[in-house]
Amino acid sequence: MKVIGISGSPRKAGNTETAVRLALEEVEKQGIDTEFISLSGMKIAPCRACMRCKTQPKCAIEDDFQPIFEKIVEAEGFIVGSPVYFGSATPETMALLDRLGYVARNNGNLLRRKVGGPIAVARRAGQNFTYAQLMFFYILNEMIVVGSTYWNIAFGREKGEMTCDAEGVETMRNFGQNVAWVLKKLY
Ligand SMILES: Cc1cc2nc3c(=O)[nH]c(=O)nc-3n(C[C@H](O)[C@H](O)[C@H](O)COP(=O)(O)O)c2cc1C
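All residue numbers here refer to positions counted from 1 along the written sequence of the relevant chain. Given that this is a predicted model, residues contribute local features only at a pLDDT of at least 70 and side-chain atom pairs are listed and counted only at 80 or more, while totals for whole chains, interfaces and linings are drawn from all residues.

On to the overall build of the protein chain. Helix numbers and strand numbers start at the N terminus; a helix is a DSSP run of H or I with at least 4 residues, a strand a run of E with at least 2. On a plain count of helices and strands, the protein chain comes out with five helices and six strands. The linear arrangement of helices and strands in the protein chain, starting from the amino end, is β-α-β-α-β-α-β-α-β-β-α. Since a compact globule built from 187 residues should have a radius of gyration of about 16 Å, the 15 Å found for the protein chain is in line with a globular shape. Residues with at least 20 other C-beta atoms within 10 Å of their own are called buried, those with 12 or fewer are called exposed, and the rest are partly exposed. The C-beta atoms themselves are positioned from the backbone. In the protein chain, buried positions account for 44% of the 187 residues. For the radius of gyration, the atoms used are the C-alpha atoms, and the globule rule reads 2.2 Å times the number of residues raised to 0.38.

This is the structure in structure tokens:
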């Protein structure tokens, strides 16, 4: 069993990465494999709506997308975190999700029943909107979204600041524990 955790921040070792890693740490503690992937520095172009994924189980654009896509499809769990940029998820996050969702849905709903959920991190506001934005992706792809003590949001501006948000840290940890719990019940 494996859970893939992705940070859609262009900033390495930032608050989103920290939040996703906190959740993954708890999954690991339950004996489930995890892999963290940062989209920082990766080349993932936006979907160009060519519809090639209707005739082949891969995206026609040749960049860093395909290996990530394959890892997510192979895993039982999937967590995606995004910083809030002007009230929304980052372009990096949405480029990945748009292509992931389209290839998956055009090839037999490949994300169906994977366990996980979104995480949103911001300095001050916009986490709820971004969390909901990412949640649309999960629900439409027939995934099993797991809750926590609060919505999976955290506060922080400079790198590492989210660790000062005690409730945010606790929410991420409990989220990871619940993902592991659900996975163990299902598999
Ligand atoms: C272009 C840009 C837009 C941002 N927009 C918001 C925003 O709408 N609301 C907010 O509270 N913080 C906003 N921030 C702050 C980031 O969400 C915050 O610094 C967050 O911790 C970054 O996550 P990271 O460390 O994972 O990159 C913005 C930052 C940038 C660079």
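The next thing to look at is the site of the ligand. The criterion for a residue being near a molecule or strand is simple: its C-beta atom, placed using the backbone, must lie within 6 Å of it. In the vicinity of the ligand, 20 residues are found, and the nearest of them are Ser9, Gly14, Thr16, Pro83 and Ala122. Every element with two or more residues in the shell around the ligand is listed here: α1 (15-29) and β4 (115-122). The greatest single-element share of the shell around the ligand, amounting to three residues, is contributed by α1. Only Asp, Glu, Lys and Arg are considered charged, only Ala, Val, Leu, Ile, Met, Phe, Trp, Tyr, Cys and Pro nonpolar, and every remaining residue, Gly among them, polar. Considering only residue class, the shell around the ligand consists of seven nonpolar, seven polar and six charged.

Only the contacting stretch of a helix is used when fitting its axis, a line to C-alpha atoms as for every element, and angles between N-to-C directions run 0 to 180 degrees. At a minimum axis separation of 11 Å, helix α2 (residues 65-74) and helix α3 (residues 91-105) run at an interaxial angle of 60 degrees. Judged by the inter-axis angle, α2 sits oblique to α3. In terms of crossing hand, the pair formed by α2 and α3 is right-handed. On the side of α2, the interface is formed by Phe65, Ile68, Phe69 and Ile72, while α3 contributes Leu96, Arg99, Leu100 and Val103. When the residues that make up the contact of α2 with α3 are grouped by side-chain class, the tally is seven nonpolar, no polar and one charged. Should an angle lie under 35 degrees it is considered roughly parallel, over 145 roughly antiparallel, and from 65 to 115 roughly perpendicular; all remaining angles are considered oblique. Crossings are assigned a handedness: left-handed for a near helix turned anticlockwise from the far helix by less than a right angle, right-handed for a clockwise turn. Whether two residues are in contact is decided by their C-beta atoms, placed from the backbone, lying within 7 Å.

Packing of α1 against helix α5 (residues 166-186) leaves a shortest axis separation of 7 Å and a crossing angle of 40 degrees. With respect to each other, α1 and α5 are oriented oblique. The handedness of the crossing between α1 and α5 comes out as right-handed. Residue-level contacts link Ala19, Leu22, Ala23, Leu24, Glu25, Glu26 and Val27 of α1 to Val169, Met172, Arg173, Phe175, Gly176, Gln177, Val179 and Ala180 of α5.

Here we take up the nonpolar core. Val3, Ala19, Ala23, Ile119, Ala120, Val121 and Val179 are the most contacted members of the largest nonpolar core, which totals 47 residues. Contacts of Ala19, omitting those with residues within four sequence positions, involve Gly81, Ile119, Val121, Ala154, Met162 and Met172. Take the buried Ala, Val, Leu, Ile, Met, Phe, Trp, Tyr and Cys residues, join any whose C-beta atoms are within 7 Å, and the set you get is a nonpolar core.

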